[in-house]
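Remarks on the overall topology
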Amino acid sequence: MATLAGAAVLLASPHAARRLKLPVRGKVLAVANAGVDHTLALTGSVDATQRALARAGLAVSDIDLFEVNESFAALMLHYMKHLGVPHDKLNVNGGAIALGHAMGSTGSTLVGMALDELERRDAHRAVIAICGATGVAVAMVIERVRP
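A brief report on the enclosed structure follows. (Residues numbered from 1 in each chain as written. Predicted model: local features only at pLDDT ≥ 70, side-chain atom pairs only at ≥ 80, totals over all residues. Heavy atoms only, no water.)

**Thoughts on the overall build of the chain**
This is how it is decided: Helix numbering and strand numbering both begin at the N terminus, where a helix is a DSSP run of H or I of at least 4 residues and a strand a DSSP run of E of at least 2. Throughout, radius of gyration means the C-alpha value; the globule benchmark is 2.2 Å times the number of residues raised to the power 0.38. Only the protein chains shown count as cover for residues, and the accessible areas themselves come from Shrake-Rupley with a 1.4 Å probe. When charges are counted, Lys and Arg are positive and Asp and Glu negative, with His and the chain ends excluded. For charged residues, the charge sits on one atom: NZ in Lys, CZ in Arg, CG in Asp, CD in Glu.
Looking only at helices and strands, one finds five helices and four strands in the chain. Shown N-terminal to C-terminal, the secondary structure of the chain runs as helices and strands in the order α-β-α-β-α-α-α-β-β. The C-alpha atoms of the chain give a radius of gyration of 15 Å, which matches the 15 Å a tight globule of 147 residues would have. Overall, the C-alpha framework of the chain stretches about 45 × 45 × 25 Å when taken along its three principal axes. When the accessible area of the chain is evaluated, it comes to approximately 8,500 Å², of which 59% is carbon and sulfur surface. Side chains of the chain give 14 positive and 12 negative charges; the mean places of these two sets differ by 8 Å.

Shown next as structure tokens:
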């Protein structure tokens, strides 16, 4: 028996959210893309994260949580080593190896997981990063909006 699931993230301007009386959980501080040689395809999350942090004017030490698509365990070790991300801030509720890979909704799933955990910990900022097999990667820095 197959199980189907879905996820969605609604992105709106502050004005639209107020006008439509939508609850706001977070805001996007910066987004960045990166492309790396396809033979090193799964390392692109590091470059994308560095660019997104630079655009946000932040450092790794300013981030409370990192949600990174975990296609392989070696990717997480590479990410932690090259960015200096402590283990207790990376995929704290498990990554795709533990929880499964949400094909087609990876980004929205990671954003939801990051916001849920920021709220649970009463924390402030998170980075979400995803890389693909062709060498493309994207990272986003989000900030929790307190009610």
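**A word on the sheet that holds strand β3 (residues 125-131)**
Stated precisely, the cut-off is as follows: By the convention used here, strands pair only if DSSP detects at least 2 bridges between them. Only the stretch in contact is used when fitting a helix axis, every axis being a line fitted to C-alpha atoms; angles between N-to-C directions are given from 0 to 180 degrees. Contacts are assigned to residue pairs with any non-hydrogen atoms lying within 4.5 Å of each other.
Ordered in space as β1-β4-β3-β2, the four strands form an open sheet in which the pairing is mixed. Each end of this open sheet is capped by a strand with a single partner; those strands are β1 (26-35) and β2 (65-68). Across the sheet, the axes of successive neighbouring strands diverge by a mean angle of 15 degrees, strand direction being ignored. The pairing of β2 with β3 spans four bridges and is parallel. Pairing of Val 68 across the sheet is with Ala 129, part of β3. Across the sheet, helix α2 (residues 44-56) touches β1, β2, β3 and β4 (136-144), and the angle it forms with β1 is around 135 degrees.

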